[in-house]
Amino acid sequence: MPKLTLADISDLRAYEREREEFRRSVIALKKRRRVALGDLLTLLFENSRTIRFQIQEMARIEKIMTDEGIEAELRVYNPLIPEPNQLCATLFLELTTNEMLREWLPKLVGIERSIELRLPDGETVAAVVDEEHEKRLTREETTASVHYVRWELTPDQVERFTSGGPVGVVCTHPEYPCETVLRDETVAELSTDLRYGG
């Protein structure tokens, strides 16, 4: 799937006309692509539609009117659109109070390097951290509440992912070990990403 360009992003007036319907469709899409990992972590597997929505909403909120401003957003978010044999996700730490933030952000340093896919045969594929994001947000004493990660699969791993059988997501962080099995509809969505890009 090609990355988004300026031509894919509507100007603010045009976006207002489509926003309600587009927002409704993206909310439904995100339900199929969102995975809870225990009580504190959520993965949103991104594709071109979720990223277009993110950029449109950022432009709307921040009143970004120039091509240069939109191009800056495209540079930030385009790496989250998966290419064939890739999955890309935003990892959210669902910390909703100051107490939770103070407790968990120091405990979960390195969480972005602790997320793995478990294929139906038990093989795991570790997440790769987005390099630009890591430069800006990685600290030794505390972590961020949002991380961008991706998985690079071989064609053989893609075949096993898409051929049926349970696919899981595993967190191996010593402070937060947990695992969840992906719903069938999520596996179907991600299989499309792996075969054709997002």
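Everything below is about the structure printed above this text.
Criteria and thresholds
- Residues numbered from 1 in each chain as written.
- Predicted model: local features only at pLDDT ≥ 70, side-chain atom pairs only at ≥ 80, totals over all residues.
- Heavy atoms only, no water.
- Buried < 20%, exposed > 50% of the residue type's maximum accessible area, 1.4 Å probe, protein only.
- Helix = DSSP H or I, 4+ residues; strand = E, 2+ residues; numbered from the N terminus.
- 1 Å grid on protein atoms, 1.4 Å probe; cavity = no way out; pocket = protein on both sides within 12 Å on 5 of 7 lines; lining within 4 Å.
- Points joined across faces, edges and corners; volume = space filled by probe spheres on them.
- Nonpolar A, V, L, I, M, F, W, Y, C, P; charged D, E, K, R; others polar.
- Polar contact = N/O pair within 3.5 Å; in protein donor to acceptor, adjacent residues only side chain to side chain.
- Contact = heavy atoms within 4.5 Å.

1. Some points on helix H6 (residues 155–162)
Consideration 1: Three or more residues of H6 are buried, namely Gln 157, Val 158, Arg 160, Phe 161 and Thr 162.
Consideration 2: In the segment just after H6, Gly 164 is the residue with positive phi, at about 105°.

2. Concerning the layout of surface pockets
Consideration 1: Considering only enclosed or pocket space, the largest pocket measures out at about 200 Å³ in volume.
Consideration 2: In this structure, the largest pocket is lined by 13 residues; those nearest its centre are Leu 44, Glu 46, Gln 54, Thr 90 and Phe 92.
Consideration 3: No other element matches helix H2 (residues 48–62), which puts 3 residues into the lining of the largest pocket.
Consideration 4: Its residues assigned to classes, the lining of the largest pocket comprises 7 nonpolar, 3 polar and 3 charged.

3. Points about the environment of Ser 114
Consideration 1: Along the chain, the position of Ser 114 falls in the loop between helix H4 (98–107) and strand S4 (115–118).
Consideration 2: Ser 114 sits 63 residues away from Pro 177 along the chain, and the two C-alpha atoms are 9.1 Å apart.

4. A closer look at the side chain of Asn 78
Consideration 1: Relative to the helices and strands, Asn 78 resides in the loop between helix H3 (67–77) and strand S3 (86–93).
Consideration 2: Reaching out from Asn 78, the side chain makes a polar contact with the backbone oxygen of Leu 4 at a distance of 2.9 Å.
Consideration 3: The residues contacting Asn 78, other than those within four sequence positions of it, are Lys 3 and Leu 4.

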